[in-house]
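Understanding the architecture of this molecule
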Amino acid sequence: ALYFTSARNGAGRNFGWTNEPFLDIFEATHNVDGTFSNPVAVKDLNSRFHDGPVTLTADGNTIYFASESFNEKLFEKDKESNSKQGQVNLFKATKVNGKWDKITPLPFNSASYSVSNPSLSKDGKTLYFSSDMPGGQGGLDIWKVSIGADGSFGTPENLGSRINTAGNESFPFITADNKALYFAS
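The structure presented is a predicted model; accordingly, all values stated were derived computationally and were not measured.

Cut-offs used in this document
Residues numbered from 1 in each chain as written. Predicted model: local features only at pLDDT ≥ 70, side-chain atom pairs only at ≥ 80, totals over all residues. Heavy atoms only, no water. Helix = DSSP H or I, 4+ residues; strand = E, 2+ residues; numbered from the N terminus. Buried < 20%, exposed > 50% of the residue type's maximum accessible area, 1.4 Å probe, protein only. Contact = heavy atoms within 4.5 Å. Areas by Shrake-Rupley, 256 points an atom, 1.4 Å probe, with all protein chains shown as cover. Pairing = 2+ DSSP bridges. Phe/Tyr/Trp six-rings, centres within 6.5 Å; stacked < 30°, edge-to-face > 60°. Polar contact = N/O pair within 3.5 Å; in protein donor to acceptor, adjacent residues only side chain to side chain.

Counting its regular elements, the protein contains zero helices and 17 strands. A burial count over the protein gives 36% of its 185 residues as buried. Of all intrachain contacts in the protein linking residues separated by at least 6 positions in sequence, the fraction that spans at least 24 positions is 41%. Surface summary for the protein: the accessible area is close to 10600 Å², and the carbon and sulfur share equals 50%.

Printed below as a string of structure tokens:
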């Protein structure tokens, strides 16, 4: 299957900044003839706000995804503007009987900073992501965290000044051979 994030869901409400639909996670099946089926929204993972991007384990049974609204308790009420202010956070879900289940927030999420744009190494042992958490070079930075065989997470590590700047670095993608990291800056 192919998973991707898109604002193609015209049936939902629009995001105020872009006046386009909120981002959702979609799945398309890869057919034998090389074509893809029509994409369908992954209702098990999508919320009513932005969801995605995503990254999957090599076996396709575990997905890491970003969401800004999965857990409404992460929102803080801004008393001055009377609007909801939230952070983007990362979640993990496991496929059970063909459905995404056991959705859990990653332990380094916070209501004080965003954690987003996951990219998993092919061996499933390192998760790269972008965040504005304390300890970075400034703005959004690229970070990595180790994933243990038992599914536990190490302490997130900033990739340092060779990658990160005082500006924003985001959307990391680690190649299958772990030799190249692509990102936006």
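Back to the write-up after that little detour.
We now examine the pairing of strand β17 (residues 181-184). For strand β16 (residues 170-174) and β17, the ladder comprises three bridges, and the chain directions are antiparallel. Of the residues in β17, the one forming a bridge with Phe173 is Tyr182. Following β16, the chain reverses through six residues before pairing antiparallel with β17; Asn178 in that reversal takes a positive phi of roughly 60°.

Our next topic: the packing of aromatic side chains. Aromatic rings in a pair are described by how distant their centres are and how their planes are angled relative to each other. Counting across every chain of the model gives six aromatic pairs. Taken together, a centroid distance of 5.8 Å and an interplanar angle of 20° make the contact between Phe4 and Phe26 stacked. Pair noted here: Phe4 is in strand β1 (residues 2-6) and Phe26 is in strand β4 (residues 24-28), with a separation of 22 residues, a long-range link. For the pair shown, Phe4 and Phe26 are each scored as buried. Judged by centre distance (6.4 Å) and plane angle (85°), the rings of Tyr64 and Phe153 are edge-to-face. Highlighted residues: Tyr64 in strand β7 (residues 62-67) and Phe153 in the loop between β14 (141-146) and β15 (157-158), separated in sequence by 89 residues. Classification of Tyr64 as buried rests on a relative accessible area of 3%. Through pairs of rings, three or more aromatic residues link up here, namely Tyr64, Phe108, Phe129 and Phe153.

Below, the discussion takes up the sheet that holds β15. Read from one edge of the open sheet, four strands run β12-β13-β14-β15, paired in antiparallel fashion. Either end of the sheet is taken by a strand with one partner, and the two such strands are β12 (115-120) and β15. In terms of strand pairing, β12 meets strand β13 (residues 126-131) through four bridges, oriented antiparallel. Among the inter-strand pairings, Ser116 is bridged to a residue of β13, identified as Ser130.

The topology assignment puts Ser121 in the loop between β12 and β13. Put simply, Ser121 and Leu56 are 65 residues apart on the chain and 9.4 Å apart in space, counted from C-alpha to C-alpha. Leave out the neighbours within four places in its chain, and Ser121 touches Thr126, Ile174 and Asn178. Side-chain polar atoms of Ser121 contact the backbone nitrogen of Lys125, separated by 3.4 Å.

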